[in-house]
Amino acid sequence: MSNLTDLTISETLRKFKAKEISPVEITKAYAENINACNKQYNAYVTTTIEQALEQAKTAEQNYMNGTNRPLEGIALGIKDLFCTKGVRTTACSHILDNFIPPYESTVTQNLLNDGALFLGKLNLDEFAMGGSNETSYFGPVVNPWSKEIKLVAGGSSGGSAAAVAAKMCAAATGTDTGGSIREPAAFCGVTGIKPTYGRCSRYGTIAFASSLDQAGPICKDVTDCALVLNSMAGYDEKDSTSSKIAVPDFASFLGKDIKGLKIGVPMEYRVDGLNPEVADYWDKAAEILKAAGAEVVSISLPHTKYALPTYYVIAPAEASSNLARYDGVRYGHRVEGNGLDELYISSRTDGFGREVKRRILIGTYVLSAGYYDAYYLKAQKVRRLIKNDFDSAFQKCDVILTPTSPIEPFAIGDKKMLENPINMYLNDVFTVSVNLAGLPAMSLPIGLSKNGLPLGMQLIGKAFDEETVFKTAYQLERGANFVRI
Ligand code: GLN
């Protein structure tokens, strides 16, 4: 394998500008890695290498002419939930496995406008519903850190995290509804940020739960996350929930002093089932930040225990409504039937996988007359209490430090998702509150477990205060000194 693909984006851009390496050369190196490793890891479900090489030639010209843009010639992988014009976009569902969008999502368009190029579309849990990438119609992603036993890459952006870890792209896009950027980033030893709800446009991103969904990058390090998020974020008139608040230059926060910054450690996160090694690394992370001049304070998020049940009412409710459009009529998979009803039923029965059907059933149930007040409305009220918890906590601290996942990456098939989904849902205990409250949060690798597997830490910020998340993460990354695979 070529060591060109070890370079981070910031290093690559420096070398492009100095004409030490060329976009075509490095794009070819990533393509070689895809050819060599994708069978093993199942990260890409579609590749667009020829197109990427064409784009790389243009990038090369732009460097020659001095018209290079911020991400000129950077080779990315795109989660297959973002619509890409003329390139199959499946959400890793059978119901969309022949769908070719006639338009581009805003996030991917922003990246293209800034000169990035796309190597292909990455595997995910079907419609982003899952935490291990095992619900994908195209099969599970294999974690590049696996030894004898094949481990999950985390989910739902498992393809994105695995592709970055295995150097099959410089960085990847992800989406996060309840942890789907942060969990796979933690499991694969890479770095990912879910920005504040509204930072990135959701236009053209296939919807799971619209009040929770948010796009963000998965990268080799904190600096690259800043560079890629700079391009992804921004107001978009095509998404009424995208924010008009100005997007700062996230890279300008890196390396800033964190002296006197208050790091909150929530006591309710010391849950049963927290792996003791994860707990030790949590303490170590706090020590690193202390050594960098921060102050660690204990905080309380009292409604934490209601976050999972609240999330697993609200997310399926929104999903059941969002997925009503897949009926086999206008696009996607169709199974013919006698009459319209039968066509709908057969198409949806055949097109959706079991976990997606389960969520549609739960969602329809909690929204139905008679249950709406008892489940959906109550969940909305608890959602507000969870948000209030964060508001009070941020009176006492500037940023919150927690583990990303209570456990290390596990073997494919281990959690028996289909038989007992609760097992899997419990892994989201540290991530879902952040989406319910709409806050920014980053996961970065902190070290290896005794089994030699990566563990991640999470930093949660105030709404639209990615600045504090980035500058704290940068110091934590420096102190952790994690060695990429
Ligand atoms: N694991 C969570 C779920 O299954 C979160 C998924 C996500 O963030 N897309 O819903």
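Residues numbered from 1 in each chain as written. Predicted model: local features only at pLDDT ≥ 70, side-chain atom pairs only at ≥ 80, totals over all residues. Heavy atoms only, no water.

Q: Explain the overall build of the protein here, please?
A: Of the regular secondary structure elements, the protein holds 15 helices and eleven strands. A globule of 485 residues ought to have a C-alpha radius of gyration of about 23 Å, and the protein, at 21 Å, matches this closely. Viewed in the frame of its principal axes, the protein has a C-alpha envelope of about 65 × 55 × 50 Å. Burial status across the protein gives 64% buried among its 485 residues. Of the contacts made within the protein by residues no fewer than 6 positions apart, 76% connect residues no fewer than 24 positions apart. Accessible surface, the protein: about 18100 Å² in total, of which carbon and sulfur atoms supply 52%. Side-chain charges in the protein split into 50 positive and 53 negative, and the spacing between the mean points of these groups amounts to 2 Å. (Helix = DSSP H or I, 4+ residues; strand = E, 2+ residues; numbered from the N terminus. Rg over C-alpha atoms; globule rule 2.2 N^0.38 Å. Buried < 20%, exposed > 50% of the residue type's maximum accessible area, 1.4 Å probe, protein only. Contact = heavy atoms within 4.5 Å. Areas by Shrake-Rupley, 256 points an atom, 1.4 Å probe, with all protein chains shown as cover. Lys, Arg positive; Asp, Glu negative; His and termini not counted. Charge placed at Lys NZ, Arg CZ, Asp CG, Glu CD.)

Q: Would you mind showing me how to read the sheet that holds strand β3 (residues 117-122) here?
A: One key point about sheets: their strands pair by backbone hydrogen bonds, in either a parallel or an antiparallel sense. Pairing is mixed across the open sheet formed by eleven strands, whose spatial order is β1-β3-β2-β4-β6-β5-β10-β11-β9-β7-β8. Either end of the sheet is taken by a strand with one partner, and the two such strands are β1 (44-47) and β8 (295-299). Going from strand to strand, the sheet's axes swing by 30° on average, the running direction of each strand aside. Pairing between strand β5 (residues 191-194) and strand β10 (residues 441-448): three bridges, direction antiparallel. Following the sheet pairing, I193 is matched in β10 by M442. The strands that helix α2 (residues 23-41) touches are β1, β2 (75-79) and β3; relative to β3, the one it contacts most, it runs at about 15°. (Pairing = 2+ DSSP bridges. Axes fitted to C-alpha atoms, helices over the stretch in contact; angles between N-to-C directions.)

Q: Can you walk me through the site of the ligand in this structure?
A: Taken together, 15 residues lie around the ligand, and A128, G178, S180, Y311 and R359 are the ones closest in. One of the side-chain N or O atoms of S180 is found 2.7 Å from a nitrogen atom in the ligand. Contacts to the ligand include D428, whose side-chain N or O atom sits 2.9 Å from a nitrogen atom. Look at the ligand: alone it shows 290 Å² of surface, and the protein chains cover 99% of it. Looking at side-chain class alone, the shell around the ligand contains five nonpolar, seven polar and three charged residues. (Near = heavy atom within 4 Å. Polar contact = N/O pair within 3.5 Å; in protein donor to acceptor, adjacent residues only side chain to side chain. Nonpolar A, V, L, I, M, F, W, Y, C, P; charged D, E, K, R; others polar.)

Q: Any chance you could explain the nonpolar core here in plain terms?
A: General note: in soluble globular proteins, nonpolar side chains tend to be found buried as a group. Core analysis: the biggest nonpolar cluster contains 154 residues, and L111, F127, F390, L401, F470 and L476 have the highest contact counts within it. It is helix α9 (residues 307-322) that provides the largest number of residues to this core, a total of nine residues. Excluding residues within four positions of it along the chain, F390 makes contact with Y269, L301, I400, S433, A437, L439 and I460. Residues W145, A411, L453 and F482 belong to the second largest nonpolar core, which totals five residues. (Core = buried A, V, L, I, M, F, W, Y, C linked by side-chain atoms within 4.5 Å.)

Q: Please clarify how the pattern of salt bridges should be interpreted in this entry.
A: The full count for this structure, using the stated rule, is 19 salt bridges. For K57, the salt bridge goes to E54, with nearest N and O atoms at 3.3 Å. Taken together, the positions of K57 and E54, both in helix α3 (residues 49-65) and three residues apart, correspond to about one turn of that helix. A relative accessible area of 46% means that K57 is categorised as partly exposed. You can call E54 partly exposed: its relative accessible area is 47%. Of the charged contacts, one joins D327 and R330 as a salt bridge, the two residues approaching to 3.7 Å between their closest N and O atoms. Taken together, the salt bridges that share partners define one network made up of K256, E467 and K471. (Salt bridge = Lys/Arg side-chain N within 4 Å of Asp/Glu carboxyl O.)

Q: Looking at this structure, I do not really get the pairing of β8. What am I missing?
A: Along a regular strand, successive side chains alternate from one face of the sheet to the other. Across five bridges, strand β7 (residues 262-266) lies against β8 in parallel orientation. Its bridge partner lying in β8, P266 is registered against I299. Read as a crossover between parallel neighbours, the route from β7 over helix α8 (residues 276-291) to β8 is right-handed. (Right-handed = clockwise from strand over helix to strand, strands pointing away.)

Q: Quick question: what am I supposed to make of a nonpolar patch on the surface here?
A: A surface patch of nonpolar side chains, amounting to about 290 Å² of accessible area, comprises Y365, Y371 and Y375. Structurally, Y375 is set in helix α12 (residues 372-396). Y375 sits in the partly exposed class, given a relative accessible area of 35%. (Patch = residues over 30% accessible without salt bridge, like charges linked within 9 Å, V, L, I, M, F, W, Y side chains within 5 Å.)

Q: Help me out: how do you make sense of the packing of aromatic side chains in this one?
A: For any pair of aromatic rings, the description rests on two quantities: the centre-to-centre distance and the angle between the ring planes. The final tally for this structure, using the stated rule, is 19 aromatic pairs. Ring geometry for F127 against F352: centres 6.0 Å apart, planes inclined by 65°, an arrangement best described as edge-to-face. Residue F127 is located in the loop between β3 and α5 (158-165), and its partner F352 is located in the loop between α10 (339-351) and α11 (354-367); the two are separated by 225 residues in the primary sequence. Judged by its relative accessible area of 1%, F127 is buried. A relative accessible area of 5% places F352 in the buried class. Taking the centre distance of 6.4 Å and the plane angle of 85° together, the rings of Y326 and F352 count as edge-to-face. In this pair, Y326 sits in the loop between α9 and α10 while F352 sits in the loop between α10 and α11, placing the two residues 26 residues apart along the sequence. Y326 gets classed as buried once you look at its relative accessible area, which sits at 4%. Following the ring pairs from residue to residue traces out a cluster consisting of F99, F127, Y326, Y331 and F352. For K415, the ring lying beneath its charged end belongs to F410, and the centroid distance is 5.0 Å. (Phe/Tyr/Trp six-rings, centres within 6.5 Å; stacked < 30°, edge-to-face > 60°. Lys NZ or Arg CZ within 6 Å of the ring centre and 35° of its normal.)

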